[in-house]
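Report on the structure
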Amino acid sequence: MPDDPQKDCQGEEFTTKHLRIAVCSWNVAGRTPPTNLNLTDLLDCDGLVDIYIMGFQEVVPLNVWNVCFLEDSEPANQWQILIEDAMNRLGCGSDGSMMESNNLILPSGVLGNRIYEESLTVPLISLDGNVPYKLSGHSRKQASYVRVASKQMVGIHISIWVRRTICKFVHSLSVSCVGVGLMGCLGNKGSIAVSMKLHQTSFCFICSHLTSGIEKEHEERRNSDAAEILKRTYFPLCNTAARSNLESVWGHDQIFWLGDFNYRLDLKDNEIRYLVAEKNWTCLFEKDQLRKHSMKGYIFEGWHEGIIDFPPTYKYEFGSNQYAGENLGYKDKQRPPAWCDRVLWRGRGMKLLSYRRAEYTFSDHRPVIAIFSSEVLMPSSDQISRANKT
């Protein structure tokens, strides 16, 4: 139910609606997904979702060629096909007001750095500057969700999917990429942030991959990475030459930060494995580096995270439910288990509904997904009626 109408500084009436937003992050270890990988268990959120934010790390191997020379977009495209299939299996039949036409009419406005004043065919915009992602013939007829934005930087990839019946209200899309990897600027580590507005509410979605490693210097570098991302992320606006607060991360109503943060646990390997076996998540979480730095105000001060009541998401043997190091015959590098993969948020009108991981053995990481109830400020019904008459 909408809240009581409220007025902005121009006296226009607005009302609030509650939408469900799903935010997912997965480090896929540079592996190309098989065509039969079913993502419905990951994306099934026990009810209709209005917006999905899909963040990946290591969609390609982080080798010299991919980092320094040519970015391979084919694995990301394969992930998008799997996401689309899963979303439409979950969404078809749920969206009773689904449009029959594949063309979406948007009001004149700014999407990214281009002006649109015509009928658009989904998706609304590809932030990569490449040929827009094309839906299959089956999906063109039945798609419940539309991919409104996507962007890749080396191994980091983010895409935003919006329920078809509300995607025409998405506007002011913009992207900002920050590389903090090799030489402090390359994209093997860093972030992609997408800014957008839905009706009158502004959103910022940050997908990041921070420095890996278990040494103290790596922990300090992760803090530095996060600080650099916040400092260097800004969104160019078309109609102004001056930078304003609205162009930074902090100028948004609701901010979501997802990714492989790579923070570890300040315990010995055998102590971590013992507490994991005992499912003593409370004692483990007390030694979590991200929690420690947030509480001390070093970084992430003022950010929120849900209660972690699931096992550490890293590092597993491929194709197995065993952590690396438990099997003496496993040849890959051993790492103490840790909650590397997280979803954080800050802002107003946001309520966490659930926070969980999904049990896929495809990668050495497990994906995490957080579901939110989000308040969105939208025009009142009277204002919409007046606009439709003009």
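In short, a report on the structure.

Conventions used here
All residue numbers refer to position in the chain's written sequence, counted from 1. With pLDDT at 70 or above as the cut-off, local features in this predicted model cover only qualifying residues; side-chain atom pairs require 80 or more to be listed or tallied, and sums for whole chains, interfaces and linings still use all residues. Note: side-chain values were computed over all heavy atoms of the structure, leaving out hydrogens and water. Only one rule defines a salt bridge in this text: a Lys or Arg side-chain nitrogen within 4 Å of an Asp or Glu carboxyl oxygen. Only DSSP runs of H or I covering at least 4 residues are called helices, and only runs of E covering at least 2 are called strands; the numbering of each starts at the N terminus. Working definition: with a 1.4 Å probe on protein chains only, accessible area under 20% of the residue-type maximum means buried, over 50% means exposed, and in between means partly exposed. What makes two strands pair is DSSP finding at least two bridges between them. To get an axis, fit a line to the C-alpha atoms, keeping to the stretch in contact for a helix; angles then go from 0 to 180 degrees between the N-to-C directions. Note on definitions: a residue-residue contact is assigned when non-hydrogen atoms from the two residues lie within 4.5 Å. Any two of the Phe, Tyr and Trp rings considered here, Trp counted by its six-membered ring, make a pair once their centres fall within 6.5 Å; the pair's planes then place it as stacked at under 30 degrees, edge-to-face at over 60, or tilted in between.

**So, the pattern of salt bridges**
The full count for this structure, using the stated rule, is 14 salt bridges. Across the pair glutamate 219 and lysine 292 runs a salt bridge whose closest N-O atoms are separated by 2.8 Å. One end of the pair, glutamate 219, is in helix H5 (residues 216-232); the other, lysine 292, is in helix H8 (residues 289-296), and 73 residues separate them in sequence. Across the salt bridge formed by arginine 232 and glutamate 228, the nearest N and O atoms sit 3.4 Å from each other. On the criterion of helical spacing, the pair formed by arginine 232 and glutamate 228 is a turn pair, its members being 4 residues apart in helix H5. With relative accessibility at 30%, the residue arginine 232 sits in the partly exposed group.

**Some details on unusual backbone geometry**
With an omega of 5 degrees, the peptide bond between tyrosine 314 and lysine 315 qualifies as cis. Take lysine 315: it is sitting in the loop between H8 and strand E14 (341-347). Of note in the backbone geometry, alanine 29 takes a positive phi value of approximately 60 degrees without being a glycine. Tracing the sequence through the fold places alanine 29 in the loop between strand E2 (13-27) and helix H1 (40-43). Located in the positive-phi region is valine 154, a residue other than glycine, with phi close to 55 degrees.

**Regarding the sheet that holds strand E13 (residues 254-260)**
Strand order in the open sheet formed by 5 strands is E10-E11-E12-E13-E14, and the pairing between neighbours is mixed. In this open sheet, the two strands that pair with only one neighbour each are strand E10 (170-179) and E14. Direction aside, neighbouring strands of the sheet carry axes that sit 15 degrees apart on average. Where E10 lies against strand E11 (residues 190-198), 8 bridges are found, and the strand directions are antiparallel. Residue glycine 179 lies in a different strand from E11, and its bridge partner there is glycine 190. Of the strands in this sheet, E10, E11, strand E12 (201-209) and E13 are in contact with H5, which crosses E10 at around 135 degrees.

**Some thoughts on the packing of aromatic side chains**
Considering all chains together, one arrives at 20 aromatic pairs under this definition. Summarising the aromatic geometry, the rings of phenylalanine 205 and phenylalanine 256 are spaced 5.4 Å apart at their centres and angled 20 degrees between planes, so their arrangement reads as stacked. Linking phenylalanine 205 in strand E12 with phenylalanine 256 in strand E13, this pair joins segments that are 51 residues apart in sequence. For the pair phenylalanine 205 and phenylalanine 256, one class covers both residues: buried.

**What about the environment of cysteine 204?**
Position of cysteine 204 among the secondary structure elements: in strand E12. Residue class for cysteine 204 comes out buried when judged on its relative accessible area of 0%. Taking C-alpha positions, cysteine 204 is 9.9 Å from tryptophan 345, a pair spaced 141 residues apart along the chain. If we skip the residues at most four places from it in the chain, cysteine 204 touches Ala193, Val194, Phe235, Val249, His252, Gln254, Ile255 and Phe256.

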